[in-house]
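The chain contents come next:
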Amino acid sequence: MTVYFIGAGPGDPELITVKGQRLIRCCPVLLYAGSLVPEAVLDGHRAETLVNTAELHLDEIIALIETAHANGQDVARVHSGDPSLYGAIGEQIRQLRRLNIPFEIIPGVTATAACAALLESELTLPGIAQSVILTRYGSRSKMPPGEELADLARHGTTMAIHLGVQHLAKIVEELLPHYGADCPIAVVHRASWPDQDWVVGTLADIEAGVAAKGFQRTALIVVGRVLTADAFADSNLYRAGHAHLYRPASE
């Protein structure tokens, strides 16, 4: 048997890989994070065992997997977004390795990608930003050395901040010295879900916009000049006269 850690995507049940959908529909054991994974993602499943793990702790989840292992049953372990980003799969994998239970990770569409699509933005533009920082706001647990928001903000590049909307005022305060008050910022609530909503503004006025919407959780903060930039150079990829492997130089 194999445990498949499957990224269900950000919310829209169509934003899942073909492989992930196939495994959900054929694995006899289906464990899903019901607090963030919509039930529509599970449509078509034929699982003998279906468990919403939102109310379970780690040992209970591992016990279910051990039972499946003993019975030779594949497990679809479904997480939101991409399981490699804030998916809490690391501690599960550590236990599976200890128990010699095989596993595989199936990537998924990230919340950041869903937000970029909604905002109609490319997060990496020539001369504006060529890096994207994915991070979270360290409120309940401290960030590792060098990863505090102010440390990362010094780069001035595109940044996606998870788990921070309740601390938006502090986040703005830490970003201002590095991005400037006129820097564009967006706060997206439940990207790709039916009730998705968002606010676009600047560091100077975003707090008022978010307060008016009443966003309290399940929101991603995206900040960076790419959100409104239109004065940037064309990439070399499609520039006439730029030769590469698939478009050799004309003689």
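So, a few notes on the structure that sits alongside this text. Remember, it's a predicted structure, so these values are computed and weren't measured experimentally.

### Looking at unusual backbone geometry
Positive phi outside glycine occurs at L163, with the angle close to 55°. Mapping L163 onto the fold places it in the loop between strand 7 (158–162) and helix 6 (168–179). Of note in the backbone geometry, S192 takes a positive phi value of approximately 80° without being a glycine. With respect to the element layout, S192 can be found in the loop between strand 8 (184–189) and strand 9 (197–202).

### Some points on helix 3 (residues 90–98)
Restricting attention to buried positions, one finds in helix 3 the residues Q92, I93, Q95 and L96. Viewed end-on, helix 3 has its buried residues packed into an arc of 160°, placing them on one side of the element. Along helix 3, the residues that are exposed and aim more than 90 degrees away from the buried face are R94, R97 and R98. Contacts from the buried residues of helix 3 go to strand 1 (3–7), helix 2 (58–70), strand 4 (75–79) and strand 5 (103–106). Of the residues one or two after helix 3, N100 is the one with positive phi, at around 55°.

### Describing the environment of E91
For E91, the location among the structural elements is in helix 3. The exposure class assigned to E91 is partly exposed, which follows from its relative accessible area of 32%. Considered as a pair, E91 and L58 are 33 residues apart in the sequence and their alpha carbons are 8.1 Å apart.

### Observations concerning the packing of helix 6 against helix 7 (residues 206–213)
Direction vectors running N to C along helix 6 and helix 7 enclose 165°, while the axes themselves pass 10 Å from each other. The pairing of helix 6 with helix 7 is recorded here as roughly antiparallel in orientation. In this structure, the crossing between helix 6 and helix 7 has a hand that is right-handed. Mapping the contact onto sequence places L168, A169 and V172 in helix 6 and I206, E207 and V210 in helix 7. Across the contact of helix 6 with helix 7, the residue classes break down as five nonpolar, no polar and one charged.

### Some words on the nonpolar core
By size, the foremost hydrophobic cluster in this structure holds 24 residues, and its most contacted members are M159, I161, L175, Y179, V187, I206 and V210. Those elements giving two or more residues to this core turn out to be helix 5 (149–153), strand 7, helix 6, strand 8, helix 7 and strand 10 (219–223). Ranked by the residues each element gives to this core, the list is headed by helix 6, at five residues. Other than its neighbours up to four places away in sequence, L175 contacts L149, A153, I161, G180, L203 and V223. In terms of nonpolar packing, the next biggest core, distinct from the first, is built from 17 residues, Y4, L23, I24 and L30 among them.

### Considering the sheet that holds strand 8
With respect to topology, five strands assemble into an open sheet ordered 6-7-10-8-9, the strand pairing being mixed. Edge positions in the sheet fall to strand 6 (132–136) and strand 9, since each of these pairs with one other strand and no more. The mean inter-strand angle of the sheet, taken between neighbouring strand axes irrespective of direction, is 15°. Contacting strand 7 and strand 10, helix 6 runs over the sheet at an angle of about 15° to strand 10. Together, strand 8 and strand 9 form the strand contacts of helix 7, whose direction differs from that of strand 9 by roughly 160°.

About the thresholds
Sequence positions are assigned chain by chain, starting from 1 and proceeding in written order. The predicted nature of this model means local features are confined to residues of pLDDT at least 70 and side-chain atom pairs, given and counted, to a pLDDT of 80 or more, with totals for whole chains, interfaces and linings taken over all residues. Where side-chain values are given, they derive from all heavy atoms of the structure, hydrogens and water being excluded. Think of it this way: any DSSP run of H or I at least four residues long counts as a helix, any run of E at least two long counts as a strand, and we number them from the N terminus. Partly exposed describes any residue whose relative accessible area lies between the buried limit of under 20% and the exposed limit of over 50%, with all areas from a 1.4 Å probe on protein chains only and scaled to the type maximum. The directions from the helix axis to the C-beta atoms form the arc being described. In what follows, residue pairs with any heavy atoms lying within 4.5 Å of each other are defined as contacts. In this description, a line fitted to the C-alpha atoms serves as the axis of each element, helices being fitted only across the stretch in contact, and the angle between N-to-C directions of two axes falls anywhere from 0 to 180 degrees. Here is the rule for angles: anything less than 35 degrees is roughly parallel, anything more than 145 is roughly antiparallel, 65 through 115 is roughly perpendicular, and the remaining ranges are oblique. Each crossing is labelled by how the near helix is turned from the far one, with a counterclockwise turn of less than a right angle marking it left-handed and a clockwise turn marking it right-handed. Asp, Glu, Lys and Arg are counted as charged, while Ala, Val, Leu, Ile, Met, Phe, Trp, Tyr, Cys and Pro are counted as nonpolar; the rest, among them Gly, fall into the polar class. Side-chain atoms within 4.5 Å link the members of a nonpolar core, which is a set of buried Ala, Val, Leu, Ile, Met, Phe, Trp, Tyr and Cys residues. Following DSSP output, two strands are said to pair if at least two bridges run between them.

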